[in-house]
Amino acid sequence: MQDSREERTVGIIAGGGQFPRLIAQEARRKGLSTVVCGFHGNTDPELETLADAFQLLHLGQLNKLLAWFHEHGVRRLCMAGTINKPRALDFRPDFRAARVIFSLRTKGDDSLLRAVLGELEKEGFHIVSAADIVPSLRCPRGTLTRRSPTPEEWENIRFGWPIVTEMGRMDIGQCIVVRQNMVVAVECLEGTDATLRRGAELGGKGCIALKKVKPGQDERVDLPSIGLATIQNLIEGGYTALAVEADKTLFFDRDESLRLADKNKLAIVALPQE
């Protein structure tokens, strides 16, 4: 009976945005129980309405997070949603979280996530990709909009693709902005939306954005994502094209986003890794 209960339950470590809500909705549709742990200042408290058990913690309360999922008999865990990175600098870790952090040589996103995954697996949790629970969010390969990139836009995409790849390899960020074969802006602590706004301010109209998963990144967590807010930012900033990585990028509100992109002649392409 215990094994049966564990198979019918999924735990969600929930950040901000709509991804945790989509995971919880899909889990409920499949008849699964959902046990959710979110974070003050990041997770939407309304997510509680979709959860069988719900609590909010402060970032860094690792022992309480582990105890919560153990208490509710969770064995399968997924991570979904964003964490406000500047706000995350102010967190106060408990002893276990502090030990994990101080053991790291670098404090980039990928290093931290790998360390947290290691602690979860030590406790016997099986980590699954949230994207596998809602596979329809994965971005299909090809040109997604009615308009394809122009030859000049393709030239900039080919210029920027290896750069955003190498930037990810160094665990800096997932997004860059280019124009006329120059790097205009690079994502780091501030996140994609702020990077796009800064790129538009520096490069003016006609910029191109590229977003790609970090090479070697554990794809169970922190896959790149785009959605309606991304497309709105691109249009407001005068961007002409967006290139993302196919299959590994999550595309929220895809139909509405593509209609808006088509209306404003923004080209969106999803490319293979290489």
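Look up: the structure comes first, before these words.
Residues numbered from 1 in each chain as written. Predicted model: local features only at pLDDT ≥ 70, side-chain atom pairs only at ≥ 80, totals over all residues. Heavy atoms only, no water.

> Provide a residue-level description of the pairing of strand E9 (residues 208-211), including the pertinent values.
Here E9 shows no split at all, with Ile208 and Leu210 on one side and Ala209 and Lys211 on the other all buried. Bridge analysis of strand E7 (residues 175-179) against E9 gives 4 bridges, and the strand direction is antiparallel. Paired with valine 178 across the two strands is isoleucine 208, which belongs to E9. Pairing between E9 and strand E11 (residues 241-245): 4 bridges, direction parallel. Considered in E11, the bridge of alanine 209 is made with leucine 242. (Buried < 20%, exposed > 50% of the residue type's maximum accessible area, 1.4 Å probe, protein only. Helix = DSSP H or I, 4+ residues; strand = E, 2+ residues; numbered from the N terminus. Pairing = 2+ DSSP bridges.)

> Can you tell me about the packing of helix H3 (residues 62-71) against helix H5 (residues 95-102), naming the residues and giving the values?
The geometry of H3 relative to H5 is characterised by a closest axis approach of 6 Å and an angle of 115° between their N-to-C directions. The residues of H5 that touch H3, namely those facing Leu62, Asn63 and Leu66, are Arg96, Ala97 and Val100. Of the residues contributing to the contact of H3 with H5, the split by class is 4 nonpolar, 1 polar and 1 charged. (Axes fitted to C-alpha atoms, helices over the stretch in contact; angles between N-to-C directions. Contact = heavy atoms within 4.5 Å. Nonpolar A, V, L, I, M, F, W, Y, C, P; charged D, E, K, R; others polar.)

> Describe the packing of aromatic side chains, and please don't skip the residues or the numbers.
In this structure the tally under the stated criterion is 2 aromatic pairs. Pairing phenylalanine 19 with phenylalanine 252 gives two aromatic rings, centres 5.3 Å apart and planes at 65°, and the pair type is edge-to-face. Placement of the pair is phenylalanine 19 in helix H2 (residues 19-29) and phenylalanine 252 in the loop between strand E12 (250-251) and helix H11 (254-263), with a sequence separation of 233 residues. Of the two residues, phenylalanine 19 and phenylalanine 252, neither departs from the other in class, the shared state being buried. With a centroid separation of 6.3 Å and an interplanar angle of 75°, the aromatic rings of phenylalanine 69 and phenylalanine 125 are classed as edge-to-face. (Phe/Tyr/Trp six-rings, centres within 6.5 Å; stacked < 30°, edge-to-face > 60°.)

> So, a nonpolar patch on the surface: which residues are in play, and what are the values?
A cluster of nonpolar residues, Met170, Ile172, Val183 and Val186, forms a patch on the protein surface that exposes about 310 Å² of accessible area. Structurally, the position occupied by valine 183 is in strand E8 (residues 182-186). The partly exposed category is assigned to valine 183, whose relative accessible area is 37%. (Patch = residues over 30% accessible without salt bridge, like charges linked within 9 Å, V, L, I, M, F, W, Y side chains within 5 Å. Areas by Shrake-Rupley, 256 points an atom, 1.4 Å probe, with all protein chains shown as cover. Salt bridge = Lys/Arg side-chain N within 4 Å of Asp/Glu carboxyl O.)

> Run through the side chain of threonine 230, naming residues and quoting values.
Position of threonine 230 relative to the elements: it lies in helix H10 (residues 228-236). Owing to a relative accessible area of 9%, threonine 230 belongs among the buried residues under this scheme. In contact with threonine 230, not counting residues within four places along its chain, are Asp193 and Leu196.

> How would you sum up the sheet that holds strand E6 (residues 142-143)? Please name residues and give values.
Pairing in this open sheet of 6 strands is mixed, and the strands run E6-E13-E11-E9-E7-E8 from one edge to the other. Taken across any chain shown, the strands that pair with only one partner, and hence form the sheet edges, are E6 and E8. Sitting on the sheet, helix H9 (residues 192-203) is in contact with E7, E8 and E9, with an inclination near 140° to E8.

> Tell me about the environment of arginine 158, and please be specific about residues and values.
Looking at the element boundaries, arginine 158 is found in helix H8 (residues 151-169). Sequence spacing of arginine 158 and alanine 229 is 71 residues, and the spatial spacing of their C-alpha atoms is 25 Å.

> Go over the pattern of salt bridges, please, and point to the residues and values.
By the definition in use, this model includes 14 salt bridges. For the salt bridge of arginine 99 with glutamate 119, the shortest nitrogen-to-oxygen distance reads 3.7 Å. Of this pair, arginine 99 sits in helix H5 while glutamate 119 is found in helix H6 (residues 109-122), placing the two residues 20 residues apart along the sequence. Of the residues examined, arginine 99 reaches a relative accessible area of 46% and is grouped as partly exposed. For glutamate 119, a relative accessible area of 6% corresponds to the buried category. Several salt bridges share partner residues, and in doing so they unite Arg96, Arg99, Glu119, Lys122 and Glu123 into one network.

As far as function goes, none of this settles anything; it's purely spatial.
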